[in-house]
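These are the residues of each chain, in order.
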Amino acid sequence: MRESKELKVKYIVEDLEELCCVPGSDWVDLRAAEDLSLKAGEFRLIPLGIAVALPEGYEAHVVPRSSTFKNYGLLQANSMGVVDGSYRGDGDQWRWPAYATRDVCIPKNTRLCQFRIVENQPPLVFTRVERLEGPDRGGFGSTGR
């Protein structure tokens, strides 16, 4: 079994359901911190009602839940959000950048997105070479032909 990591969570909004790990999943659901109404074509940074101190050497990746577009017509405007470990103060509320494709009302505590924590990338060294040793796979978009 893997070692647990502590995440210190400040709940900025009253009556927000607390974070929890879903059995069998590495992802943790995040919820709308207020009742919202968005019009088609509107962009909004949706408040998630929490600030988190991630463990040293970790970052959080935030993506939509698989049902978010089907149920609410919302797209995550930046494809995937990254919360780095330095974003950890009392006022550093997590928000979700959403673009509405249709008019929608979202009640407080609606699960819209999810996150997982990932270890930071190790330091990299880039070496220029004339040739790579691996076999060619046929270039971008060639898999499955």
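Bear in mind that the values here come from a model prediction, so they are computed numbers and not experimental data.

How each quantity is defined
- Residues numbered from 1 in each chain as written.
- Predicted model: local features only at pLDDT ≥ 70, side-chain atom pairs only at ≥ 80, totals over all residues.
- Heavy atoms only, no water.
- Core = buried A, V, L, I, M, F, W, Y, C linked by side-chain atoms within 4.5 Å.
- Buried < 20%, exposed > 50% of the residue type's maximum accessible area, 1.4 Å probe, protein only.
- Contact = heavy atoms within 4.5 Å.
- Phe/Tyr/Trp six-rings, centres within 6.5 Å; stacked < 30°, edge-to-face > 60°.
- Helix = DSSP H or I, 4+ residues; strand = E, 2+ residues; numbered from the N terminus.
- Pairing = 2+ DSSP bridges.

Please clarify how the nonpolar core should be interpreted in this entry.
A general trend in soluble globular proteins is that nonpolar side chains are found buried together. Counting 25 residues, the largest nonpolar core has L74, W94, W96 and I106 as its most contacted members. Discounting chain neighbours no more than four positions away, the residues touching I106 are A32, E34, D35, L36, L38, Y72, L74 and L112.

Explain the packing of aromatic side chains here, please?
For any pair of aromatic rings, the description rests on two quantities: the centre-to-centre distance and the angle between the ring planes. Here the structure, examined in full by the defined rule, presents one aromatic pair. Between W94 and F115, the aromatic rings sit 5.1 Å apart at their centres with planes inclined by 85 degrees, giving edge-to-face as the arrangement. Of this pair, W94 sits in the loop between strand 8 (81-83) and strand 9 (95-100) while F115 sits in strand 11 (residues 111-119), and the two are 21 residues apart along the sequence. W94 sits in the buried class, given a relative accessible area of 2%. Exposure remark for F115: the relative accessible area of 3% places this residue in the buried category.

I'm lost on the pairing of strand 5 (residues 50-53) in this one. Help?
Every regular strand shows the same layout, with side chains that alternate between the two sheet faces. The side-chain alternation of strand 5 yields two buried faces, one formed by I50 and V52 and the other by A51 and A53. With four bridges joining them, strand 1 (residues 8-11) and strand 5 adopt antiparallel strand pairing. Of the residues in strand 5, the one forming a bridge with K10 is A51.

Would you mind showing me how to read unusual backbone geometry here?
Excluding glycine, residues mostly have negative phi values, and the peptide bonds linking residues are mostly trans. Backbone geometry places D15, a non-glycine residue, at a positive phi of 65 degrees. Positionally, D15 belongs in the loop between strand 1 and strand 2 (28-31). Phi is positive for S79, close to 65 degrees, though the residue is something other than glycine. Examined against the element boundaries, S79 turns out to sit in the loop between strand 7 (74-76) and strand 8. A relative accessible area of 60% means that S79 is categorised as exposed.

What is the right way to look at the side chain of T110 in this model?
Mapped onto the elements of the fold, T110 is located in the loop between strand 10 (104-106) and strand 11. In this structure, T110 is in contact with L30, R31, A32 and Y72, ignoring residues within four places of it in sequence.

Shape descriptors only; they carry no functional weight alone.
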